[in-house]
Structures are given as C-alpha cells and as structure tokens.
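Chain by chain, the residues run as shown.
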Amino acid sequence: MATEETGGLSFHPMDQFVVKPLFGDGPVNWYTPTNATLWLALTVLAIIALMVIGTRGRAIVPNRTQSIAELMYGMVRKMVEDVTGKDGLKYFPYIMTLFMFILFANALALLPKSFSTTSHIAVTAVLALFVFVGVTVLGFVKNGTHFLGLFWVSSAPLVMRPILAVIEVISYFVRPVSHSIRLAGNIMAGHAVMKVFAAFAAIAALAPVSVLAIVGVYALEVLVVTIQAYVFTILTCVYMRDALHPSH
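Rules used throughout
- Residues numbered from 1 in each chain as written.
- Predicted model: local features only at pLDDT ≥ 70, side-chain atom pairs only at ≥ 80, totals over all residues.
- Heavy atoms only, no water.
- Phe/Tyr/Trp six-rings, centres within 6.5 Å; stacked < 30°, edge-to-face > 60°.
- Helix = DSSP H or I, 4+ residues; strand = E, 2+ residues; numbered from the N terminus.
- Buried < 20%, exposed > 50% of the residue type's maximum accessible area, 1.4 Å probe, protein only.
- Salt bridge = Lys/Arg side-chain N within 4 Å of Asp/Glu carboxyl O.
- Contact = heavy atoms within 4.5 Å.
- Core = buried A, V, L, I, M, F, W, Y, C linked by side-chain atoms within 4.5 Å.
- Expected span 1.5 Å × (residues − 1).

What follows is about the packing of aromatic side chains. Scanning the model with the defined rule gives nine aromatic pairs in all. Ring geometry for Phe147 versus Tyr172: centroids 6.2 Å apart, planes at 75°, classification edge-to-face. With Phe147 in the loop between α4 (121–143) and α5 (161–200) and Tyr172 in helix α5, this pair connects stretches of sequence that are 25 residues apart. Look at Tyr172 and you get buried, because its relative accessible area is 4%. Ring geometry for Phe151 and Tyr172: centres 5.3 Å apart, planes at 90°, overall edge-to-face. Linking Phe151 in the loop between α4 and α5 with Tyr172 in helix α5, this pair joins segments that are 21 residues apart in sequence. Per residue, the accessibility class of Phe151 equals that of Tyr172, and both read buried. Ring pairing ties together the aromatic residues Phe132, Phe140, Phe147, Phe151, Tyr172 and Phe173, which thus form one cluster.

Have a look at this one:
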C-alpha cells in the first residue's frame, strides 16, 4: 500500500517475500510452520490433485483434467528424449516431478494473498543443487574417469585445450548458481513490479494507468511462470546429456 509522506511515497514491494510464522509473531525456526511451508505443501497437493486424482478415471476419450495431465506428460517426455536421447528416459520421472513442482509453485504464486516460494533462493538453490550433485554422480557412475572428458575440448587446438579446460571447470561449478538465481530472480522481479504498480493504484490520479499496467504485467507473468519452469527443466536435461555423453 502506498502512503503519501513529506517528499514522496513510501511502500515496500519486497515485504511480500518475507517468511512469516503461520501462528503468532515469534521467531522462525526450522520446525516453525510458515507461509512458505504452507504454499510448498499446497503446491504438492495441487500436483497430486491433477496427476493422481484427476487421472484416476482414465479413459480412451480423456476429460479435461486427463487431457491437461497427458499434455504435460507428453511434452516433458519428448523434451527428455530429444535432449538426452533414449538413455535419459529412465530419469524422466525425476525431471517430470521437477517441472511440475516449479510450474505449480510459480502458478500458485499468482493467486491473490499467495506466497511466492520460487522467488526464494533457498528453494531454487536446493532444486539446483540436487540437479548438480545428481548429474555429477551420474556422470562418474556411468562413465568413470571418462566423465572428465567433459572439460577437455579435444576438437580445439592443443595449445588452447588447458585454457579451455579451466573455463569449462569454472562454468561447470557455476551451473547451480546460475540455475537457481535465474528462476528466483525472474519470479521475484515480476512480483515486485506488480506490487509497485499496485501501490500506485492508491493514488487517484494514477489509478487508471496503474490498473492497466498491473493487467499487462500479470499477463506477462502468466507467460513467465511457464517459461521459467521450461527453462529450468530443459537446462536439467542438457546437464544430464553431458553426464550421459561427456565427450566433446
């Protein structure tokens, strides 16, 4: 909410990202039920409602819920197969779960009075670290020391290979950072912009422009929540492909 003060306006668009206890105003400990844990739980329940309960009465001619579930299933499966090849299909359940969780967490955050869990680096970093550690372990398990060939660009001139190897190692360990910050940053930025425009709606002279801006940004955010889930998932597939086929 915007309030007029001497010299301008005062509002706090970042307050919406504060993790608060569900009950009372005490400190937040690891065991404290918070707005973040509530919306994480609602995300899981929404996925179960669509993919388990919604498809329980499967039929040859699908209903709307089954059609949506099959569309998501088919899209992610094709993505995994196209990027990683047939070898990557055995890891499809994990990638499908990852995509659904991010998509639903992003989408639920667009509801009024909701909480954006994927705007927090604590959430996206855990997702990215699971991918990073899992892909690294998979690479060594499947290929042994040949996995290190991922860092050795054999197609480059010999004199350039050590330099490129250093660059490849650095870029590899930066993956979880960029993977997590990209998702959290995009979601946080969109919600902050909407809150800023919503604050200006309290000013009569700016209200019409502010409402139009909110509608436009909200429509863009509907697109962003899907794109960010897709980007996070397809990057996971790319990293998995590197683990399965590490040689340049």
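Here we come to the pattern of salt bridges. Tallied over the full model, the rule gives four salt bridges. Here Arg175 ties to Asp242 by a salt bridge, and the two come within 2.7 Å at their closest N and O atoms. Of this pair, Arg175 sits in helix α5 while Asp242 sits in helix α6 (residues 207–244), and the two are 67 residues apart along the sequence. Comparing Arg175 with Asp242 shows no difference in burial state: the two are buried. One salt bridge in this structure joins Arg241 and Asp242, with 3.9 Å as the shortest N-O distance. For Arg241, a relative accessible area of 35% translates into the label partly exposed. We classify Asp242 as buried; its relative accessible area is 13%. Sharing partners across several salt bridges, the network here consists of Arg175, Arg241 and Asp242.

So, about unusual backbone geometry. With phi around 65°, Lys113 is a residue other than glycine that occupies positive phi space. Inspection of the secondary structure puts Lys113 in the loop between α3 (92–108) and α4.

Looking at where Met75 falls in the secondary structure, it is placed in helix α2 (residues 64–84). The sequence separation of Met75 and Leu206 amounts to 131 residues, and the corresponding C-alpha distance is 43 Å.

Here we come to the side chain of Thr34. Here Thr34 is to be found in the loop between β2 (8–10) and α1 (35–53). Excluding residues within four positions of it along the chain, Thr34 makes contact with Val19, Lys20, Pro21, Leu22 and Val28.

Moving on: the nonpolar core. Met100, Ile102 and Phe232 are the most contacted members of the largest nonpolar core, which totals 49 residues. The greatest single-element share of this core, amounting to 11 residues, is contributed by α3. If we skip the residues at most four places from it in the chain, Ile102 touches Leu127, Leu183, Ala229 and Phe232.

So, about the environment of Tyr31. By the secondary structure assignment, Tyr31 is in the loop between β2 and α1. Tyr31 sits 101 residues away from Phe132 along the chain, and the two C-alpha atoms are 27 Å apart.

On to α4, then. For α4, spanning 23 residues, the distance from its first C-alpha to its last is 32 Å, which sits close to the expected 33 Å at 1.5 Å a residue. Among the residues of α4, Val123, Thr124, Leu127, Ala128, Val131, Phe132, Val135, Thr136, Leu138, Gly139 and Asn143 are the ones counted as buried. Against α3, α5 and α6 lie the buried residues of α4. At the C-terminal side of α4, Gly144 shows a positive phi close to 65°.

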